[in-house]
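# A closer look at the structure
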Amino acid sequence: MTKSLDMLVFGAHPDDAEIGMGGTIAKHVEAGRSVGICDLTFAEMSSNGTVETRKREAAHAAKALGVTLRANLGLPDRGLQLIKEQLDEITLAIRRYKPRMVFCPYWEDRHPDHVLCSRMVQEAVFSAKLRNYLPDTEAHSVEQVYFYFINDAIDPDVMIDISSQYSKKREALMAYRSQFEPAEASRGQVKTPLNQGYLDNVEARDRLLGQKRLVPYAEGFVSKLPLIVNLF
């Protein structure tokens, strides 16, 4: 039986979680929290790399961050839909891993799959707590859902200082060589937004957010529910 996770991070593709919150994942792992990543697809529609390559890269990134587990639901890349068959797969993952907190992409992003991932996870979190939904499995209520940023960002509700973990975030992202290294036509690669300085932009974003609280690097999150803060 799988031990309950403190955090379960959903992404549409391998590398989404690392882009949006790799430092936060590493920080919570260092603090002794159990963290899992669940990718919805194998990113089989990516212009560069293969499914097998992405599997290896995702495993290397997971090792760099130290997560408890990494799963992939094998849903179709560019074929994500708000249909019961796909939503049930996410619902079952939530019930299987019983996370206290769930993370998923912010609901506005230039990539349609990120938007759909956000909507699908929200639907699944709701269904997972219903005792009479998929009654052959045990219902599970998630305490909090947070949204992380991939391509686009707004002012966050919460920011996490990841300055001490930034080297681990870089290592995890650089595991995805097929996506982020400059394209070489001789190797059959094509130019995409990801291999044209994308990681420089991610680091600049994290640095810029950190400046708001005078820390070198930070990652931001949004919550749809009010956050409870105990003041001392």
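Remember, predicted model here, so these are calculated numbers, not experimental data. (Residues numbered from 1 in each chain as written. Predicted model: local features only at pLDDT ≥ 70, side-chain atom pairs only at ≥ 80, totals over all residues. Heavy atoms only, no water.)

Here we come to the pattern of salt bridges. Applying the stated rule across the entire model yields 16 salt bridges. Its salt-bridge partner being Lys 169, residue Asp 206 comes within 2.7 Å of it at the nearest N-O pair. Of this pair, Asp 206 sits in helix H7 (residues 198-211) while Lys 169 sits in helix H5 (residues 166-174), and the two are 37 residues apart along the sequence. Neither residue differs from the other here; Asp 206 and Lys 169 are each classed as buried. Across the pair Glu 203 and Arg 170 runs a salt bridge, and its minimum N-O distance is 2.8 Å. Highlighted residues: Glu 203 in helix H7 and Arg 170 in helix H5, separated in sequence by 33 residues. The network of salt bridges with shared partners includes Lys 169, Arg 205, Asp 206 and Glu 219. (Salt bridge = Lys/Arg side-chain N within 4 Å of Asp/Glu carboxyl O. Helix = DSSP H or I, 4+ residues; strand = E, 2+ residues; numbered from the N terminus. Buried < 20%, exposed > 50% of the residue type's maximum accessible area, 1.4 Å probe, protein only.)

Let us look at the environment of Gln 122. Here Gln 122 shows up in helix H4 (residues 112-128). Expressed as a C-alpha distance, the spacing of Gln 122 and Val 102, which sit 20 residues apart in the sequence, is 9.3 Å. Among all residues touching Gln 122, those that are not within four sequence positions of it are Phe 147 and Lys 224. (Contact = heavy atoms within 4.5 Å.)

Across the sheet, which stays open at both edges, the seven strands sit in the order S3-S2-S1-S4-S5-S7-S6 with mixed pairing between neighbours. Pairing within the sheet leaves two strands with one partner each, and these edge strands are strand S3 (69-72) and strand S6 (158-161). Strand-to-strand, the axes of this sheet are offset by a mean angle of 25 degrees, without reference to chain direction. Relative to strand S5 (residues 144-148), strand S4 (residues 101-105) runs parallel, the two being bridged by five bridges. Within the sheet, the bridge partner assigned to Met 101 lies in S5 and is Gln 144. Of the strands in this sheet, S6 and strand S7 (218-222) touch H7, which is tilted by about 80 degrees from S7. (Pairing = 2+ DSSP bridges. Axes fitted to C-alpha atoms, helices over the stretch in contact; angles between N-to-C directions.)

Now for helix H3 (residues 84-97). Between its first and last C-alpha atoms H3 spans 20 Å; for 14 residues at 1.5 Å apiece the expected length is 20 Å, and the two agree. In this fold, the buried residues of H3 make contact with strand S1 (7-11), strand S2 (35-39), S3 and H4. Of the residues trailing H3, Lys 98 is marked for its positive phi of about 45 degrees. (Expected span 1.5 Å × (residues − 1).)

Within this structure, the stated rule accounts for eight aromatic pairs. Seen in terms of ring centroids, Tyr 106 and Trp 107 are 4.2 Å apart; in terms of plane orientation they differ by 40 degrees. Their pairing is tilted. Aromatic side chains Tyr 176 and Phe 180 sit 6.5 Å apart centroid to centroid with 90 degrees between the ring planes, which places their arrangement in the edge-to-face category. Its relative accessible area of 0% is what places Tyr 176 among the buried residues. Owing to a relative accessible area of 8%, Phe 180 belongs among the buried residues under this scheme. Put simply, the rings of Tyr 106, Trp 107, Phe 147 and Phe 149 pair up and form one aromatic cluster. Over the ring of Phe 42 we find Lys 55, and its NZ or CZ is 4.8 Å from the ring centre. Lying across the ring of Tyr 97, Arg 96 places its NZ or CZ 5.5 Å from the centre. (Phe/Tyr/Trp six-rings, centres within 6.5 Å; stacked < 30°, edge-to-face > 60°. Lys NZ or Arg CZ within 6 Å of the ring centre and 35° of its normal.)

Time to look at the environment of Ile 160. Mapped onto the fold, Ile 160 is located in strand S6. The residues contacting Ile 160, other than those within four sequence positions of it, are Thr 24, Lys 27, Tyr 217, Ala 218, Glu 219 and Phe 221.

For the rest of this paragraph, the subject is the layout of surface pockets. Its volume calculated, the largest pocket comes out at about 400 Å³. Lining of the largest pocket is provided by 23 residues; of these, His 13, Ser 46, His 111, Gln 179 and Leu 194 occupy positions nearest its centre. Mapped by element, the contributors of at least two residues to the lining of the largest pocket are helix H1 (16-30) and H4. The residue makeup of the lining of the largest pocket, split by class, is seven nonpolar, nine polar and seven charged. (1 Å grid on protein atoms, 1.4 Å probe; cavity = no way out; pocket = protein on both sides within 12 Å on 5 of 7 lines; lining within 4 Å. Points joined across faces, edges and corners; volume = space filled by probe spheres on them. Nonpolar A, V, L, I, M, F, W, Y, C, P; charged D, E, K, R; others polar.)

Read these as spatial facts, not as claims about activity.
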